[in-house]
Amino acid sequence: MVSSKILSVVTFVYLLSTFLYICYLAFRSKVIGNLATMVTLSGLIGQIASFILRWKESYALGYGHIPLSNQFESMVFFALVIIFIYLVIEYKVKIKTLGAFVTPVASILLALTTLTDSFSNEIQPLVPALQSNWLTYHVITCFIGYAAFAVSFGVSIIYLIATVALKKRQGILPDEGVLDDLNYKAIAIGFPMLTIGIITGAAWANYAWGSYWSWDPKETWSLITWFFYAAFLHARYTHGWRGKKAAILSIVGFVAVIFTYFGVNYLLTGLHSYA
Amino acid sequence: MKHNQEKTEGSKKRKSDFLTSLKLTIALLLFLATVSIIGTLIPQNLTEGEYLRYYSSASYNMLKTLGIFDLYHSWWFILLVFLLCINLLACSIKNVPRTLKILTQVSPLLTDDQINNLTLKTKIDKKISLNDARSKIVRILKKDFASPQETLENGTRHFFCEKARYSRLGFFITHVSVVIILIGGMIGSLWGFKGNVEIPEGGSTHQIQLQNGLMFDLGFTVRCDDFDVAYYPNGAPKDYKSSLAIFEAGKEVLTKIIEVNHPLKYKGFAFYQESFGEVTDQGGEVTLQVMKRGSKEPGRVFHVNVGESFTLSTTGLTVKVNRFFPDFILDENGTVINRSFALHNPALELLIFKDDELQTQTWVFQKFPDFHGSKGEYQFLLQDIRRKVYTGLQVTKDPGVNVVWTGCILMILGILSTFFFSHQQVWIRTKTVGDTLELVMAGTARKNQIGFEKVFERLKTEIEKI
């Protein structure tokens with residue numbers, strides 16, 4: 001399939017952009033920085049093309065559906081949204097150092113899906129429970145949320161490096177205040193999206209199984225993540241938990257996100273066996 | 001006496017402080033998150049026998065007393081959620097007067113006091129008459145910010161405009177929505193129920209079996225006219241469909257084809273496609289053509305139910321249609337098994353008796369009529385299969401579900417307005433001193449100060465150009 005071939009290429013493009021962003025971090029060369037952005041952008045365009053092609057290929061197979069229906073497709077989409085949100089933030093705040101910490105997340109996701117055999121990349125027909133428009137709304141909102149949390153995770157890692165390890169060598173990493181603000185902003189995107197993701201999931205479950213909430217492990221973990229980020233936002237609002245505390249919290253929060261996404265599927269059992 | 005009174009007032013105040021404290025909110029959220037993890041690690045709602053395989057009976061009894069096996073419905077979990085509700089409501093109510101004040105008492109006038117309090121402010125002097133400036137100011141504000149409200153006071157003209165004032169209600173709406181969702185959930189668990197029913201094709205029922213095993217009378221009749229499964233070429237199920245009809249006092253009032261994700265709703269009940277199966281005591285009816293092997297004559301046709309027999313009158317042979325397999329295959333051990341419910345390889349097992357003595361056992365395949373393994377002097381052709389299937393429906397009644405959706409919609413609106421909108425205000429005050437127009441411009445935003453500074457700068461540059 002053409003879409004898979006493009007995706008393999010995109011995997012290497014993202015690995016290259018990770019490498020370039022790290023070079024940029026080391027040498028602070030504007031040329032390398034711009035090159036890194038261009039390479040990442042071309043990777044994103046390639047990935048979008050692959051996404052659309054896979055969608056079309058599924059129609060050619062006779063059971064067309066948006067490619068968001070299993071572990072493979074969701075991981076690929078996760079990588080796509082991470083890169084998209086990262087590029088938007090890079091364009092808005094003009095900070096390229098973030099790239100060295102965010103693009104690896106997408107690279108690893110794609111490398112896991114395209115370079116290993118752990119996830120079947122076959123286009124499968126949709127089982128009856130997945131044949132719903134809620135699939136699209138639910139998956140897209142959840143993954144925008146997850147990707148925003150991934151960005152806040154990357155930003156928090158830089159924050160900790162900037163404050164702890166590189167205290168004396170200023171100017172290499174962005175200003176602490178800017179990073180802290182970005183951490184908050186990413187979560188301020190992620191939290192509403194996670195909320196809508198949980199609600200659309202509940203609405204869908206009600207159509208498919210006749211109950212909007214059944215304390216399935218996936219549902220419960222998404223709620224645990226939601227509780228956690230809700231606590232984060234309240235702590236920031238009242239106690240002014242900023243800086244280092246906020247960075248540590250958002251790293252813990254992302255661990256919960258990853259567990260909600262992967263851990264539940266592999267370590268726990270439940271209804272939500274698709275992705 | 002006086003001392004005592006002060007003390008009680010003090011403790012009252014502390015109590016209300018405790019309930020309205022955001023520390024409590026944070027503590028409750030983190031605590032709920034932590035205990036929820038336990039419920040995902042320890043399997044919930046298994047039977048006693050299943051638990052005793054993992055736990056000793058002492059630890060089983062202890063965990064059961066603590067409600068760990070049905071954690072999300074245990075009294076202490078519900079108490080925690082209830083506390084969170086009280087906390088949310090107390091915080092929201094405490095903030096109502098302040099929020100109302102902000103919403104209703106907007107000052108269209110830019111006073112000196114306000115100027116001192118605002119961080120973004122600028123002074124511009126222009127040699128222009130107020131009349132010339134006025135329309136330009138209005139145009140700029142309208143174009144780059146929002147329509148201004150003008151007030152004239154003591155010869156000073158004030159322009160005031162704002163954006164997203166009601167986004168300030170976001171907090172309040174979000175917090176109230178959580179309580180509404182939980183109320184909806186409570187209504188559902190108190191007055192809602194869930195049950196199941198299996199209706200054979202052509203059959204009808206007015207009763208469902210509830211989860212606790214009791215039968216419940218619907219007060220109307222549901223008939224299943226047809227059930228159908230469609231498969232993808234690879235054998236995976238594509239669609240389960242039931243044609244249902246509702247009857248009230250013998251009269252048909254509603255029909256609908258339901259499938260997964262498309263339930264039928266009637267009088268507060270919802271019918272979901274959940275399962276299906278064959279009615280085991282009636283395996284369905286098959287049509288068999290029986291011919292003498294090698295003969296060109298069409299022979300005779302029999303309609304017979306699976307499990308029953310028929311007699312070939314000319315020879316005195318009795319043929320029993322013993323078993324029916326819709327998807328016949330042989331497993332690794334050579335045992336006959338049924339791979340799926342789909343009619344991929346329909347097969348019949350026939351037992352042929354002569355004078356009550358088993359003479360031949362043979363298989364008839366619909367897709368392979370000339371199967372070389374079939375034995376006996378007669379050849380059988382499987383012409384048609386009419387299976388008796390039932391549809392398995394889940395039936396729910398949840399009077400709280402619309403309350404939950406109302407809460408969910410409010411939550412989305414509340415959260416979106418909290419995070420994606422920011423109440424922004426801009427004032428311009430103009431005063432003519434001689435031939436100079438003295439302009440004072442000030443502004444404030446609830447959130448995203450950096451973003452608002454850019455907006456303010458742009459407005460300032462535009463105003464400076466008039």
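Residues numbered from 1 in each chain as written. Chains lettered and ligands numbered in written order. Predicted model: local features only at pLDDT ≥ 70, side-chain atom pairs only at ≥ 80, totals over all residues. Heavy atoms only, no water.

**Student:** Explain the sheet that holds strand E2 (residues 149-153) of chain B to me, using residue names and the numbers behind them.
**Tutor:** Two modes of strand pairing occur in sheets, parallel and antiparallel, and in both the strands are linked by backbone hydrogen bonds. Residues and elements named next belong to chain B. Spatially, E1-E22-E21-E3-E2 is the arrangement adopted by the 5 strands of the open sheet, whose pairing is antiparallel. Both edges of this open sheet fall to strand E1 (120-126) and E2, since each of them pairs with a single strand only. The sheet shows a mean angle of 15° between the axes of neighbouring strands, taken without regard to direction. Bridging between strand E21 (residues 424-433) and strand E22 (residues 436-445) involves 10 bridges; their strand directions are antiparallel. By the bridge assignment, Thr432 is partnered in E22 with Leu437. The strands touched by helix H7 (residues 130-144) are E2, strand E3 (156-163), E21 and E22; relative to E3, the strand with the most contacts, the crossing angle is about 5°. (Pairing = 2+ DSSP bridges. Helix = DSSP H or I, 4+ residues; strand = E, 2+ residues; numbered from the N terminus. Axes fitted to C-alpha atoms, helices over the stretch in contact; angles between N-to-C directions. Contact = heavy atoms within 4.5 Å.)

**Student:** Kindly report on the sheet that holds strand E8 (residues 251-259) of chain B, identifying the contributing residues and their values.
**Tutor:** Residues and elements named next belong to chain B. Within the open sheet, the 8 strands sit side by side as E8-E7-E6-E5-E4-E20-E10-E9. Their pairing is antiparallel. Bordering the open sheet on either side are E8 and strand E9 (264-266), each of which pairs with just one other strand. Shown here is a sheet whose adjacent strand axes are inclined to one another by a mean of 35°, direction ignored. Where strand E10 (residues 269-278) lies against strand E20 (residues 389-397), 9 bridges are found, and the strand directions are antiparallel. Pairing of Phe271 across the sheet is with Val395, part of E20.

**Student:** A description of the side chain of A:Arg236 should follow, citing residues and the corresponding values.
**Tutor:** Relative to the assigned elements, A:Arg236 resides in helix H7 (residues 217-239). Side chain to side chain, A:Arg236 and A:Asp180 meet in a polar contact 3.0 Å long. (Polar contact = N/O pair within 3.5 Å; in protein donor to acceptor, adjacent residues only side chain to side chain.)

**Student:** With reference to specific residues and values, describe the pairing of strand E5 (residues 204-210) of chain B.
**Tutor:** Residue and element names in this part refer to chain B. Sheet topology places strand E4 (residues 193-200) next to E5; 2 bridges connect them, and they run antiparallel. Counted as the bridge partner of Gly195 is Leu210 from E5. The turn linking E4 back onto E5 is made up of 3 residues, and Gly202 within it adopts a positive phi angle of 85°. Relative to strand E6 (residues 215-231), E5 runs antiparallel, the two sharing 5 bridges. From the neighbouring strand, Ser204 faces E6, where its bridge partner is Arg223. The turn linking E5 back onto E6 is made up of 4 residues, and Gly213 within it adopts a positive phi angle of 95°.

**Student:** Before we move on, can you summarise the packing of aromatic side chains with the specific residues and values?
**Tutor:** Taken as a whole and judged by the stated rule, the model has 50 aromatic pairs over all chains. Measuring from centroid to centroid gives 5.9 Å for A:Trp213 and A:Trp215, while their planes differ by 90°, and the two rings are edge-to-face. Classification of A:Trp213 as partly exposed rests on a relative accessible area of 23%. Overall, A:Trp215 belongs to the partly exposed group, its relative accessible area being 22%. Measuring from centroid to centroid gives 4.4 Å for A:Tyr261 and A:Phe262, while their planes differ by 45°, and the two rings are tilted. Like A:Tyr261, the residue A:Phe262 is buried in the burial classification. A network of ring pairs unites the aromatic residues A:Phe51, A:Trp55, A:Phe77, A:Phe78, A:Phe143, A:Tyr146, A:Tyr261 and A:Phe262 as a single cluster. Stacked on the ring of A:Tyr91, the Lys or Arg A:Lys94 has its end atom at 4.4 Å from the ring centre. A cation over a ring is seen here: B:Lys397 above B:Phe269, with NZ or CZ 4.6 Å from the ring centre. (Phe/Tyr/Trp six-rings, centres within 6.5 Å; stacked < 30°, edge-to-face > 60°. Buried < 20%, exposed > 50% of the residue type's maximum accessible area, 1.4 Å probe, protein only. Lys NZ or Arg CZ within 6 Å of the ring centre and 35° of its normal.)

**Student:** Can you break down the pattern of salt bridges residue by residue, with the values?
**Tutor:** A complete count under the given rule lists 13 salt bridges over all chains for this structure. Its salt-bridge partner being A:Glu90, residue A:Lys96 comes within 3.2 Å of it at the nearest N-O pair. Each member of the pair, A:Lys96 as well as A:Glu90, carries the same accessibility label: buried. For B:Lys143, the salt bridge is made with B:Asp144, and the minimal N-O distance between the two is 3.8 Å. Where salt bridges share partners, they join B:Arg134, B:Glu150 and B:Arg157 into one cluster. (Salt bridge = Lys/Arg side-chain N within 4 Å of Asp/Glu carboxyl O.)

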